[in-house]
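Residue-level listing of the chains:
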Amino acid sequence: MASELKVDKITGVTTAGSIDVTTGSTTINLQSALPSAVFGMNLNSTTYAGVAVNELPSNTLNIASGVDGGLGLARGNYTTNMAGLENVYPDGAIAANNTQNVDIGVTTTALLATQQHDADSSSDQNSYGFTLVFGDLA
Amino acid sequence: MTSVLNVDTIAAKDGTSPVGLTKQKAILVCVGFNMNSSTLYGVSNNTSFSETFNASSFSDVGTGQLETSLTNSLSNKEFIIAGMMNATNNCITHESDSIASVVKTRTNDADSSAAQDNCHYFHVTGSLA
């Protein structure tokens, strides 16, 4: 019989922030499989997917505000800080042949800093990019 | 009334199926698709990777250009997408005309700037319709 559990909050017993979920014949840690922050910011003067210049898309997570740090420098202030800097940061950018990378020298536990580049010319540019953050919250 | 459930392990009723989440940003789409003429990781040309989920079909619409139709559509176009492609010095990007039910990606050779048929790896988070 199918069942549905309806709650507002789930907390681990042994460790409050650690819950295992079953997948196949093994388990994985639920929190490790979910991004702790989801960031997107459009620095370009063109509106993309309804997101205007210097705006953040509606689907960000744990980002209190965005900051235009200069040419190609999209930055997000975390709502809840990260516990450390040894996080994983997969990135994306709009087409074509562009990149967004984490700016690891500027990023702190309170600030996610990224750089946007045009891969054709290797130059900084204002674009629309995305970064996920996988790691523990403070 | 709010409630708190204290548990160490959660599983679907059958013990193996994924648990649905609300008000959390889970990965909603995960795609691996090989547009390269060579077989890569055992995946032949114009075939999706077995670990792909929430993708119903794929369209090769041009060199390096992939359109992924979703099994369950997203709620809007303001989703967050991150991706990768196979080496070396190649680039995958998000087309600016994706819609909530079709995610469009493009791959280029960053050396020559030319569009290139290669592996598209990406995942999407946001909200489902």
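Residues numbered from 1 in each chain as written. Chains lettered and ligands numbered in written order. Predicted model: local features only at pLDDT ≥ 70, side-chain atom pairs only at ≥ 80, totals over all residues.

**Considerations on the overall build of chain A**
What chain A contains, in helices and strands, is zero helices and 11 strands. Written out in order from the N terminus, the α and β elements of chain A read β-β-β-β-β-β-β-β-β-β-β. Taken along the three principal axes of its C-alpha coordinates, chain A extends 55 × 35 × 30 Å. The 138 residues of chain A split such that 38% are buried. If you take every contact in chain A between residues at least 6 apart in sequence, the share linking residues at least 24 apart comes to 52%. (Helix = DSSP H or I, 4+ residues; strand = E, 2+ residues; numbered from the N terminus. Buried ≥ 20, exposed ≤ 12 C-beta atoms within 10 Å, placed from the backbone. Contact = placed C-beta atoms within 7 Å.)

**Observations concerning the overall build of chain B**
From N to C terminus, chain B includes zero helices and 10 strands. Each helix and strand of chain B, ordered N terminal to C terminal, gives the series β-β-β-β-β-β-β-β-β-β. Principal axes of the C-alpha set define a box for chain B whose edges measure 60 × 30 × 25 Å. Long-range contacts, defined as pairs at least 24 residues apart, comprise 55% of the intrachain contacts of chain B with a sequence gap of at least 6.

**Points about the sheet that holds strand β3 (residues 26-29) of chain A**
Strands sit in the order β3(A)-β2(A)-β2(B) across an open sheet of three strands; the sheet is mixed. Every other strand in the sheet has two partners, leaving β3 of chain A together with β2 (9-10) of chain B as the edge strands with one partner each. (Pairing = 2+ DSSP bridges.)

**Overview of the confidence of the model for chain B**
Across chain B, the average pLDDT comes to 90, with 92% of residues at or above 70. Between the elements of chain B, mean pLDDT differs from a low of 73, seen in strand β1 (residues 4-6) of chain B, to a high of 98, seen in strand β6 (residues 65-70) of chain B. (pLDDT = per-residue confidence, 0-100.)

**Focus on the environment of Cys91 of chain B**
Mapping Cys91 of chain B onto the fold places it in strand β8 (residues 90-94). On the neighbour-count criterion, Cys91 of chain B (26 C-beta atoms within 10 Å) is buried. The spacing of Cys91 of chain B and Thr107 of chain B is 16 residues in sequence and 5.6 Å in space, taken between C-alpha atoms. Residues contacting Cys91 of chain B, with those up to four places away along its chain left out, are Asn97, Thr99 and Ala119 of chain A together with Thr107, Asn108 and Ala110 of chain B.

**Notes on the sheet that holds strand β4 (residues 47-48) of chain B**
To summarise the sheet geometry, strands pair through backbone hydrogen bonds and adopt either a parallel or an antiparallel arrangement. Residue and element names in this part refer to chain B. Read across the sheet, four strands follow the order β4-β3-β10-β7 without closing on themselves; strand pairing throughout is antiparallel. Lying at the two open borders of the sheet, with one neighbouring strand each, are β4 and β7 (80-84). Pairing analysis gives two bridges linking strand β3 (residues 27-34) to β4, with the strands arranged antiparallel. Looking at β4, one finds that Asn34 is bridged to Thr47.

**A closer look at the interface of chain B and chain A**
With 39 residues of chain B in contact, the opposing surface of chain A contributes 44 residues. Looking at the side of chain B that touches chain A, the elements with two or more residues in it are β1, β2, β7, β8, β9 (102-109) and β10 (119-125) of chain B. With four residues, the top contributor of residues to the side of chain B that touches chain A is β7 of chain B. Here the residues of the side of chain B that touches chain A sort into 15 nonpolar, 17 polar and seven charged. Across two bridges, strand β2 (residues 20-23) of chain A lies against β2 of chain B in parallel orientation. Paired with Asp20 of chain A across the strands is Thr9 of chain B, a residue of β2 of chain B. (Nonpolar A, V, L, I, M, F, W, Y, C, P; charged D, E, K, R; others polar.)

**As for unusual backbone geometry**
With an omega dihedral of 0°, the bond running from Ala95 of chain A to Ala96 of chain A counts as a cis peptide bond. Assignment of secondary structure puts Ala96 of chain A in the loop between β7 (91-93) and β8 (98-102). Omega for the peptide link from Ala87 of chain B to Thr88 of chain B comes to 10°, which places this bond in the cis form. Positive phi is not limited to glycine here, since Asn54 of chain A has a value of about 60°.

**Focus on the nonpolar core**
In this structure, Ala37 and Phe39 of chain A together with Ile80, Ile81, Phe122 and Val124 of chain B are the most contacted members of the largest nonpolar core, which totals 37 residues. If you look at the next biggest cluster of nonpolar residues, it comprises seven residues, including Ala93, Ile94, Ala95 and Tyr128 of chain A. (Core = buried A, V, L, I, M, F, W, Y, C linked by C-beta atoms within 7 Å.)

**Description of the pairing of β3 of chain B**
All names here are of chain B. Across the eight residues of β3, six count as buried, placing the element largely inside the fold. Note that β3 and β10 share seven bridges and pair antiparallel. Residue pairing for β10: Gly32 is matched across the bridge by Tyr121.

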